[in-house]
Amino acid sequence: MTTELLIDELKHIIGSEFVLTAEEDKSPFLTDWRKRFTGKARAVVLPSNADQVAAIVKACAKSNVPIVPQGGNTGFCGGATPHGSGTEIVLSLKRLSRVRDIDTANQTMTVEAGCILQSIQEKAAEHGYLFPLSLGAEGSCMIGGNLATNAGGTNVLRYGNTRDLCLGLEVVTAQGEIWHGLKGLRKDNTGYDLRDLFIGSEGTLGIITAAVLKLYPLPVAQWTTLVATPDIPSTIALLNLFQQRAASLLTGFEMMTQESLDLCAKHFPQMANPLQGKPPFTVLIELSDHESEDHVRQLLERILETALEEGLVSDAIIASNLTQANAFWQMREHITLAQAQEGANLKHDITIPLSGLDSFMQKTDALMRQRYPGIRIINFGHLGDGNLHYNIAPPEGVDPLAFNQAEEVPIHELVYEQVELHGGSISAEHGVGQLKLSGLRAHRGAVAHDLMKSLKRALDPNNILNPNKVVLI
Ligand code: FAD
Ligand code: 2HG
Ligand code: ZN
């Protein structure tokens with residue numbers, strides 16, 4: 001089938017106004033948030049329901065035209081950006097944005113893939129519930145994208161990754177069939193877990209059109225504190241102290257180095273670190289409680305007292321109100337935005353077992369600074385999960401694009417070699433997409449990589465869904 005005939009068929013399925021072919025209309029869908037990847041597409045299509053998605057997949061499969069699913073386009077690995085060939089179509093899920101059901105007895109919510117994460121949080125809160133997934137992009141990322149990347153964020157240490165927050169899925173397969181898996185069950189051992197197969201598959205195995213999400217009781221009180229720690233061993237000892245004493249009340253434990261907060265203050269001076277004396281490490285800790293304000297506040301104070309006595313912490317500020325607590329979180333979330341304003345940078349989204357974290361940072365920092373004097377290591381992350389964003393910016397005054405072009409590969413190699421030596425992962429929460437495709441076989445090992453290829457071939461034998469992302473077949 002020619003491109004024209006396919007475009008006509010797509011227009012017939014969803015209406016001409018939802019099949020974009022003009023360059024200026026397609027362009028917002030062809031570059032990722034970081035402006036790291038740009039591609040081309042025959043068309044961008046915007047269906048409004050699962051039946052339309054299925055009909056589009058059937059039409060494309062018939063014409064052998066690959067499809068790139070896209071949600072909020074905030075992903076960091078180029079998974080939602082088409083390749084440069086111009087042969088693919090981008091399928092945006094943004095019009096599938098209905099909340100289908102809220103089941104308070106079952107504590108679940110059924111939503112379509114194009115629902116913005118923040119709107120899901122707000123809807124849950126209107127009904128007195130918490131949907132705990134929370135990340136800096138929550139105002140624009142969509143739940144389909146969160147599921148497809150198995151996004152992490154800042155609440156993982158208490159509630160888990162997106163995978164842990166999902167009970168059921170509706171998925172359009174590579175053959176254009178709809179799998180109706182929207183059961184809100186907490187137990188279901190009827191063979192292979194298809195839901196978990198699609199979650200984290202980055203649009204390469206199926207197109208998620210809806211999901212059943214878990215809801216939790218809204219906490220009645222939250223206290224947030226910023227503390228200064230001298231080094232990583234003290235920061236981990238502090239985490240362990242909070243885990244022991246606060247247990248499930250600990251809902252956030254985010255680490256930021258001085259270098260990352262300096263960059264944040266450079267671009268957002270109103271978000272300078274309120275802790276005095278530029279501590280080497282600043283940790284944002286949040287406790288949430290279902291009992292009372294006083295209960296959790298007193299607990300927080302007692303734990304901080306112990307931490308000060310034991311020398312784990314040299315300074316601490318407890319947010320006195322919600323505005324100050326939000327300001328602490330804003331400072332944390334603005335590191336990514338400050339990096340974007342500073343220019344192109346190299347991201348490493350890694351996890352290391354906490355026992356090896358100090359050694360990893362000492363060794364990697366030393367090698368990096370020795371090889372690249374003046375380099376800026378923008379290191380922050382979800383320390384409670386062992387997840388670092390070990391990002392690299394060139395020395396001040398050096399052109400970032402030229403630097404990245406010359407040094408991207410050796411810098412990735414340097415970091416990933418240390419990740420391997422310390423038993424870590426090269427992608428903690430952002431996924432693989434195009435960015436980490438080439439290193440995946442070595443990282444996962446031949447057996448795991450071949451199993452991934454077999455799965456891809458079995459579910460998508462014609463390589464229609466997001467080809468050449470995650471795994472090459
Ligand atoms: P997209 O970027 O549109 O797509 C991501 C991948 O999923 C692509 O491979 C795409 O093909 C696929 N996909 C999208 N929708 C579907 C669907 N319905 N069915 C099948 N495949 C689909 N990530 C974290 O994990 N933790 C963080 O803390 C975090 N913070 C961030 C902060 C900022 C400021 C930004 C810009 C990004 C952040 N991210 C974070 C990365 C990003 O927001 C997440 O990966 C998010 O889950 C992507 O959602 P999206 O809707 O934008 O997906
Ligand atoms: C975060 O934790 C995100 O804020 C973004 O995962 C990390 O900018 C980054 O590298
Ligand atoms: Zn993160």
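That block above? That's the structure.
Residues numbered from 1 in each chain as written. Chains lettered and ligands numbered in written order. Predicted model: local features only at pLDDT ≥ 70, side-chain atom pairs only at ≥ 80, totals over all residues. Heavy atoms only, no water.

Draft legend 1. Seen up close, the coordination of the zinc ion (ligand 3). Within the protein, His382 (NE2), His389 (NE2) and Glu429 (OE) serve as the donor atoms for the zinc ion (ligand 3), at 1.8 to 2.1 Å. Counting along the primary sequence, the residues that act as donors to the zinc ion (ligand 3) give the motif H-x6-H-x39-E. Of this pair, histidine 382 sits in strand β17 (residues 376-382) while glutamate 429 sits in the loop between α13 (400-421) and α14 (440-444), and the two are 47 residues apart along the sequence. A relative accessible area of 10% means that glutamate 429 is categorised as buried. (Donors = N, O, S within 2.8 Å, 3.2 Å for Na, K, Ca; no water. Helix = DSSP H or I, 4+ residues; strand = E, 2+ residues; numbered from the N terminus. Buried < 20%, exposed > 50% of the residue type's maximum accessible area, 1.4 Å probe, protein only.)

Draft legend 2. Representation of the packing of helix α1 (residues 3-14) against helix α3 (residues 50-63) in the model. Direction vectors running N to C along α1 and α3 enclose 170°, while the axes themselves pass 10 Å from each other. The angle between α1 and α3 places the two elements in the roughly antiparallel class. Here α1 runs over α3; the crossing is right-handed. Taking contact as the criterion, the partners of Leu6, Glu9, Leu10, Ile13 and Ile14 in α1 are, on α3, Gln52, Ala55, Ile56, Ala59, Cys60, Lys62 and Ser63. Looking at the contact of α1 with α3, its residues break down into eight nonpolar, two polar and two charged. (Axes fitted to C-alpha atoms, helices over the stretch in contact; angles between N-to-C directions. Parallel < 35°, antiparallel > 145°, perpendicular 65-115°, else oblique. Left-handed = near helix turned anticlockwise from the far one by under 90°. Contact = heavy atoms within 4.5 Å. Nonpolar A, V, L, I, M, F, W, Y, C, P; charged D, E, K, R; others polar.)

Draft legend 3. Local environment of the packing of helix α8 (residues 232-246) against helix α12 (residues 354-371). In the contact formed by α8 and α12, the axes pass within 9 Å of each other and the chain directions differ by 160°. On the basis of the axis angle, α8 is roughly antiparallel to α12. α8 and α12 meet at a crossing whose hand is right-handed. Every residue of α12 that contacts α8 at Ile232, Pro233, Ile236 and Leu239 is listed here: Leu354, Leu357, Asp358 and Met361. Grouping the amino acids of the contact of α8 with α12 by side-chain chemistry returns seven nonpolar, no polar and one charged.

Draft legend 4. Expanded view of the sheet that holds strand β5 (residues 99-103). Spatially, β5-β6-β10-β8-β9 is the arrangement adopted by the five strands of the open sheet, whose pairing is antiparallel. One side of each edge strand has no neighbouring strand; the edge strands of this open sheet are β5 and β9 (178-181). The mean inter-strand angle of the sheet, taken between neighbouring strand axes irrespective of direction, is 15°. Relative to strand β6 (residues 108-112), β5 runs antiparallel, the two sharing four bridges. Looking at the pairing, aspartate 103 lines up with threonine 108 of β6. On the sheet, α3 packs against β8 (166-172), β9 and β10 (207-214) and is oriented at approximately 45° with respect to β8. Docked against the sheet, helix α4 (residues 117-126) engages β5, β6 and β10, running at close to 145° with respect to β6. (Pairing = 2+ DSSP bridges.)

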